[in-house]
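# Coordinate analysis (summary)
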Amino acid sequence: MEAEPTDRVLDLLERVKGYQDGSLSFRRSCGHGVCGSDAMRINGRNRLACKVLVKDLGAKKIVVEPLLGLRVIKDLIVDMEPFFEHYETVMPFLVNNEPPPIKERLQSPEQRVRIDDTTKCILCAACTTSCPSFWANDQYVGPAAIVNAHRFIFDSRDRAASERLRILSGQFGVYRCHTIFNCTDACPRDIQITKAIGEVKKAIATGSLD
Amino acid sequence: MKVHQFDVIVVGAGGAGLMAALYASQKATTAVISKLYPTRSHTGAAQGGVGAALGNLEEDHPEWHTFDTVKGSDYLGDQDAIEFMCNEAVQAIYELEHMGLPFSRIPDGRIAQRPFGGHTNNLTGKPVRRSCYAADRTGHMILQTLYQQCIKNNVTFFDEFQVLDLILVDGVAAGVVAFEIATSEVHIFHANAVIFATGGHGRIWKITSNAFTLSGDGIAIALRRGIPAQDMEFFQFHPTGIYKLGILITEGVRGEGGILVNGKGERFMERYAPRVKDLASRDVVSRAMYLETREGRGVNGSDYLYLDVRPETVNKYAALDGRTFPDGSPYRVTSEELLAKLPDIIDFCRTYLGVDPIDQPMPVQPTAHYAMGGIPTNNYGQVVLDEKNTVLPGLYAAGETACVSVHGANRLGTNSLLDLIVFGKHAGINAAEYACSVNFQRLPSDSADFAIQEIERLRNCKEGEPLGDITQEMREVMMDHVGVFRTKEGMTEALNKIRELKERFRHIRIDDCGEVFNTNLLNAWEIGNQLNLAEVTTVSALNRTESRGAHSREDYPKRDDKKWLKHTLTWLKDGEVKLRYKPVVITKFQPKERIY
């Protein structure tokens, strides 16, 4: 098909669906890389279809495939349930049973910066589905779950770090990570995932969050 | 057919839906039904911040916030609802923070705030720091935090279920009919209270900031069940969308000091809004931009302008404006500071335009952004049926899909995220209270028939045109004739075109006969909704012979409070459009001329 260099791969998929074959099925919503719906393999790499422009690929042939490691339901749609289940096992929510102040809990800019990177996660699954350890055994919680655990473990307002570290020190937690770096490479939000996993490993090893 | 029973059903899992579910689930059995996984909702795209008069950096008051919102609404907002929302705002922010929302912080550890269009110190008339933000992804943080809290509280979700119809028994809400996307199975959700929080409908315009999935499903379903839509002619065009793509560049950029520049290098907003300039209300700025490009002062004579946030530009104009930090020192920024404050915007520009905003100005144009109108509700979130505010028992609405009205003819930035959490919360509380006070209605055996018929009709469309052209033509005609500036001739042409498209829609081709993720069928159903909303919008706009807020007519350029200080109610049932009008609630602020 004809395309402009600035067209998104998603635009091309929509054009196929709207004019050639309405049965082509893929998930998408925001169209600009913030919702995480359209993660897929594009010319062999995990990307968000709405963030890849035709000119970025430098090729006339574009191959789109569903993510690896999750059951394919149809075309580019994979079963996201196992991904979300793993996410839910790490207690991905703030835990603090102290009575809150009337106004905001205080948090310094430095404390806030500590979790800035891992708050960016949009749960697109590009990282987990690019991980060879996850392909080998899908009971591994995966990079995304660990990123979301990190976000709370190192949040100065949270009080459940030790529970999460206990969960992640188990058989399918952080020790499945062999520092392969595919996750960091695949992340469309440029989160330093391998580094975050490393910080969690260090916290488990030293028993300290510093 | 599977029948599920819950006290409260929430349709839509964005900010308003999740907030409603969090509160409803504390008192009543609750389920959330969403056609998307919740974290895909478009709340996550909101950038700028949530407005509340915390006064963390400078003096501020909920009364000022109230007045700014009333003025911003071009006096069409219901002042009792606005006052309620602005008074609740401060506590709502603290509540979000307690839930774990990672706001950006000032050195002493309190929540950071920045200026935003239309928000002022009411004594000096200058911009006030009222927007509470989390970098430039406040919406993402709100959505994630609310979803996390729902997981913590074991809220029940039915993800990737498309609600097709509302069940009414003797004029009382009794549940919804939904389509399981993965299997095409139809489910009935039997409930005592239903909350619609299905978001906006920007997709009916060609250049929009809205997600592909925003087809106004809730409003369309309500219309089919004889419920009117309110103030549909008021749709906001945000001034700064990325040229051609429509992707939003937050107003926060202008809050940090960015300015709009035309093809001649002029800061043209000085002429249109002498006091607040680039931080004027969005409708004022969009119109100014449109006029500049129409008069040939676009960049290279074309139809876009520049948003310039290079440090040297920001600092130059901050000095000219006499802008200061809260401590009185002159306002200055560095590249590093801008990079830290606006990382996502910088990423969008680099990705989609190959432009680095720190080094080059960004090409921007107005983009269809926000529905001020929607399903009419009272201040408790209850859906109302007419100009007397007759309640439809058991049906609630909240968020962009509802029209309380707190935004009137034009919404201020940061007030939508606020709207979601305040009215989402109260719709949830009120729906749960109501649901626990009544017994379940008996469901008629034909409750799902209408929905099933609609789906079967679409499924059997084997011969005809593909959806692509109908979609494209609708979006183009709406952008050209029911956009920033409107005329009787243009809107009439648009209305005729939409009616032609509705006829063509009855003869489309659906390629997918399958039962698994038949997105072909669902997209077609969504286009049907959009055509109806386009029709309702155009008729409402044609009939309002004045300009107010986001509704600007070249043939009626003035605001006419004598004839038009009222809300529009539009019905679309069985192909017929009907209009009636409802008074605006005015308490403290008499309508005045709106100057920035």
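Keep in mind that this is a model prediction, so the values were computed, not measured.

## Quick look at the overall build of chain A
A tally of regular secondary structure across chain A gives 9 helices and 5 strands. Considering only C-alpha atoms, chain A reaches an extent of 60 × 40 × 30 Å along its principal axes. Expressed as a percentage of its 210 residues, the buried residues of chain A come to 49%. Put simply, 67% of the contacts in chain A that link residues at least 6 apart link residues at least 24 apart.

## Points about the overall build of chain B
The helix and strand inventory of chain B stands at 17 helices and 22 strands. Here the C-alpha radius of gyration of chain B, 23 Å, is about what a compact globule of 596 residues would show, namely 25 Å. Judged by the C-alpha coordinates and their principal axes, chain B covers about 70 × 50 × 50 Å. Taking all 596 residues of chain B together, the buried fraction comes to 62%. Across chain B, contacts joining residues at least 24 apart in sequence account for 75% of those joining residues at least 6 apart.

## Details of the domain arrangement of chain A
Residues and elements named next belong to chain A. When the domains of chain A are assigned, the result is domain 1 (9-78) and domain 2 (81-206). Here the C-alpha centre of domain 2 lies 26 Å away from the C-alpha centre of domain 1. Across the contact, 13 residues belong to domain 1 and 14 residues belong to domain 2. A per-element tally of the side of domain 1 that touches domain 2 places strand β2 (residues 45-48) first, with 3 residues. Class assignment of the residues belonging to the side of domain 1 that touches domain 2 gives a composition of 7 nonpolar, 4 polar and 2 charged.

## Quick notes on unusual backbone geometry
Residues and elements named next belong to chain B. Here the residue pair Val404 and Ser405 is connected by a cis peptide bond, since its omega of 10 degrees sits within 30 degrees of zero. Secondary-structure assignment places Ser405 in the loop between β18 (402-403) and α12 (415-437). The backbone of Asn300 sits at a positive phi, close to 55 degrees, despite the residue not being glycine. Take Asn300: it is sitting in the loop between α8 (282-294) and β13 (305-308).

## Structural notes on the nonpolar core
All names here are of chain B. Counting 252 residues, the largest nonpolar core has Val8, Ile9, Ala20, Ile33, Val176, Val194 and Ile195 as its most contacted members. If one sorts the elements of this core by residue count, helix α16 (residues 519-543) sits on top with 12 residues. Filtering out sequence-adjacent residues up to four positions away, Val176 remains in contact with Ile9, Val11, Ile33, Val163, Asp165, Leu166, Ile167, Phe189 and Val194.

## Some remarks on helix α1 (residues 15-27) of chain B
Residue and element names in this part refer to chain B. Here α1 lies mainly inside the structure; 11 of its 13 residues are buried. Those residues of α1 lying buried are Gly15, Ala16, Gly17, Leu18, Met19, Ala20, Ala21, Leu22, Tyr23, Ala24 and Ser25. In this structure, the buried side of α1 is in contact with β1 (2-11), β2 (30-34), α4 (138-152), β9 (185-196) and α12.

## What to know about the sheet that holds strand β21 (residues 566-573) of chain B
Residues and elements named next belong to chain B. Ordered in space as β10-β21-β22, the 3 strands form an open sheet in which the pairing is antiparallel. What marks the edges here is a single partner per strand, and that holds for β10 (229-230) and β22 (576-583). Taken together, the 8 bridges between β21 and β22 define a ladder with antiparallel strand orientation. Directly across from Trp571, in β22, lies its bridge partner Lys578. Where α16 meets the sheet, its contacts fall on β10, β21 and β22, and the angle it forms with β21 comes to roughly 140 degrees.

## What to know about the interface of chain B and chain A
Contact residues are listed per partner, giving 44 residues for chain B and 38 residues for chain A. By residue class, the composition of the side of chain B that touches chain A is 20 nonpolar, 17 polar and 7 charged.

## Thoughts on the domain arrangement of chain B
All names here are of chain B. Split by domain assignment, chain B resolves into domain 1 (2-45 + 140-235 + 369-437), domain 2 (50-131), domain 3 (249-368) and domain 4 (449-558). For domain 3 and domain 4, the distance between their C-alpha centroids amounts to 34 Å. With 5 residues of domain 3 at the interface, the matching set in domain 4 holds 5 residues. Broken down by class, the residue content of the side of domain 3 that touches domain 4 amounts to 2 nonpolar, 1 polar and 2 charged.

## What to know about the sheet that holds β2 of chain A
All names here are of chain A. Pairing is antiparallel in the open sheet, where 3 strands are placed in the order β2-β1-β3. Taken across any chain shown, the strands that pair with only one partner, and hence form the sheet edges, are β2 and β3 (64-65). Pairing geometry for strand β1 (residues 39-42) and β3, over 2 bridges, is antiparallel. Residue pairing across strands places Ile42 opposite Val64, the latter belonging to β3.

## Some remarks on the environment of Arg553 of chain B
Residue and element names in this part refer to chain B. Position of Arg553 relative to the elements: it lies in strand β20 (residues 552-553). On the basis of neighbour counts, which here come to 21 C-beta atoms within 10 Å, the residue Arg553 falls in the buried class. Through-space distance from the C-alpha of Arg553 to that of Arg486 is 4.6 Å; in sequence the pair is 67 residues apart. Here Arg553 is in contact with Arg486, Thr487 and Ser547, once residues within four sequence places are set aside.

How each quantity is defined
- Residues numbered from 1 in each chain as written.
- Chains lettered and ligands numbered in written order.
- Predicted model: local features only at pLDDT ≥ 70, side-chain atom pairs only at ≥ 80, totals over all residues.
- Helix = DSSP H or I, 4+ residues; strand = E, 2+ residues; numbered from the N terminus.
- Buried ≥ 20, exposed ≤ 12 C-beta atoms within 10 Å, placed from the backbone.
- Contact = placed C-beta atoms within 7 Å.
- Rg over C-alpha atoms; globule rule 2.2 N^0.38 Å.
- Domains from an automatic or database assignment.
- Nonpolar A, V, L, I, M, F, W, Y, C, P; charged D, E, K, R; others polar.
- Core = buried A, V, L, I, M, F, W, Y, C linked by C-beta atoms within 7 Å.
- Pairing = 2+ DSSP bridges.
- Axes fitted to C-alpha atoms, helices over the stretch in contact; angles between N-to-C directions.

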